[in-house]
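Breakdown of the fold
Residue strings, one per chain:
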Amino acid sequence: MIKIDGMESSSEAKTYAMTYLHNCRISNEYRKQLVNWVGTYLDESMLENIIAYKNSEHWEQPFESIKDEAENDLEIASLYASVSEHFNIDMMVFEGNLLSIFNILLSRMKHLDKKVIAH
């Protein structure tokens, strides 16, 4: 289990995001896209599977490609937001928080991946 600053585990980060998404007022399609994003990029076991796949396929920069994919997928998810949701400061901050949490999780996994390879 990976500790994230201010949170006991990555599952707590995922729970925080899911709780927020189920309690905020946004369109159903936008919510669905964000829930899918959280389920993919804030789930430690899902990220481990993605990293293992990219390593098995010998990607040159697996962590950078995962980061790019996460950013692109979040941008695509935001396309499902209504016009008023695009200008909702709370959602802008929330999406920024999602990326921050993801980047912390990914960097910790990258650090662990290097330790495993070194031994």
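For the structure given in this document, a descriptive report is provided here. Per-chain numbering applies: the sequence of each chain, read as written, is numbered from 1 onward. Note on the predicted model: pLDDT of at least 70 is required for a residue's local features to be given, and 80 or more for side-chain atom pairs to be given and counted; whole-chain, interface and lining totals, by contrast, use all residues. Side-chain measures here rest on the full set of heavy atoms in the structure, leaving out hydrogens and waters.

1. What about the overall build of the protein?
Segments assigned H or I by DSSP are reported as helices when at least four residues long, segments assigned E as strands when at least two residues long, and all are numbered from the N terminus. Counting secondary structure elements, the protein contains six helices and zero strands. Think of it in three bands: residues with accessible area under 20% of the maximum for their type are buried, residues over 50% are exposed, and the middle band is partly exposed, with areas taken using a 1.4 Å probe on protein chains only. Within the protein, the proportion of its 119 residues that are buried is 39%. Sequence separation of 24 or more characterises 68% of the internal contacts of the protein that already satisfy a separation of 6 or more. To measure how exposed things are, a 1.4 Å probe is used in the Shrake-Rupley method; for residues, cover is taken only from the protein chains shown. Total accessible area on the protein is roughly 7300 Å²; 54% of this is exposed by carbon and sulfur atoms. When checking whether two residues touch, look at their non-hydrogen atoms; a contact exists if any pair is within 4.5 Å.

2. What to know about the packing of helix α2 (residues 28-41) against helix α3 (residues 44-56)
Close contact between α2 and α3 brings their axes to 6 Å; oriented N to C, the two are set at 65 degrees. Here α3 runs roughly perpendicular to α2, going by the angle between their axes. On α3, the residues that touch G39, T40 and Y41 of α2 are M46, L47 and I50. Residues are sorted three ways: Asp, Glu, Lys and Arg are charged, Ala, Val, Leu, Ile, Met, Phe, Trp, Tyr, Cys and Pro are nonpolar, and all the rest, Gly among them, are polar. Its residues assigned to classes, the contact of α2 with α3 comprises four nonpolar, two polar and no charged. Angular values range over 0 to 180 degrees, each being the angle between N-to-C directions of two axes fitted as lines to C-alpha atoms, with helices fitted over their stretch in contact. Roughly parallel means an angle under 35 degrees; roughly antiparallel means over 145; roughly perpendicular covers 65 to 115; every other angle is labelled oblique.

3. Thoughts on a nonpolar patch on the surface
Judged by side-chain polarity, V83, F87, I89, M92 and V93 come together as a nonpolar surface patch covering roughly 540 Å² of accessible area. At three residues, the largest contribution of residues to the nonpolar patch is made by helix α6 (residues 89-118). Structurally, V83 is set in helix α5 (residues 83-86). Every patch collects residues that have over 30% relative accessible area and no salt bridge, joining them within 9 Å if they carry like charges and within 5 Å if they are nonpolar side chains (Val, Leu, Ile, Met, Phe, Trp, Tyr). A pair is scored as a salt bridge if a Lys or Arg side-chain nitrogen falls within 4 Å of a carboxyl oxygen belonging to Asp or Glu.

4. Details of the nonpolar core
Take the buried residues of types Ala, Val, Leu, Ile, Met, Phe, Trp, Tyr and Cys, join any two whose side-chain atoms come within 4.5 Å, and each joined set is a nonpolar core. Membership of the largest hydrophobic core comes to 29 residues, with the highest contact counts inside it found for L34, W37, V38, L42, L47, L98 and F102. At the level of elements, α1 (10-23), α2, α3, α4 (62-78) and α6 are the ones that each hand at least two residues to this core. Broken down by element, this core gets its largest block of residues, eight residues, from α6. Ignoring anything within four residues of it in the chain, the contact list for V38 reads K14, A17, M18, L21, D43 and L98.

5. Some details on α3
Here α3 spans 18 Å end to end across 13 residues, near enough to the 18 Å set by a 1.5 Å rise per residue. Turning to α3, its buried residues are E44, L47, I50, I51 and K54. Taken end-on, α3 shows its buried residues confined to a sector of 125 degrees, consistent with a single buried face. Trailing α3 by a residue or two, H58 shows a phi angle of about 60 degrees, which is positive. By this rule the span expected of a helix is its residue count minus one, scaled by 1.5 Å. Our arc is simply the arc of the directions from the helix axis toward the C-beta atoms.

6. A look at unusual backbone geometry
Here H58, not a glycine, exhibits a phi torsion of approximately 60 degrees, which is positive. Relative to the elements of secondary structure, H58 occurs in the loop between α3 and α4.

7. Considerations on the pattern of salt bridges
Side-chain pairs of opposite charge can arise whenever the charged atoms involved come near each other. Going through the model one piece at a time under the given rule, you end up with four salt bridges. Here E69 ties to K54 by a salt bridge, and the two come within 2.7 Å at their closest N and O atoms. Note that E69 is positioned in helix α4 and K54 in helix α3, a separation of 15 residues in sequence. The salt bridge involving K110 is made with E64; its shortest N-O contact spans 3.3 Å. Placement of K110 in helix α6 and of E64 in helix α4 is noted, with a sequence separation of 46 residues between them. You can call K110 partly exposed: its relative accessible area is 28%.

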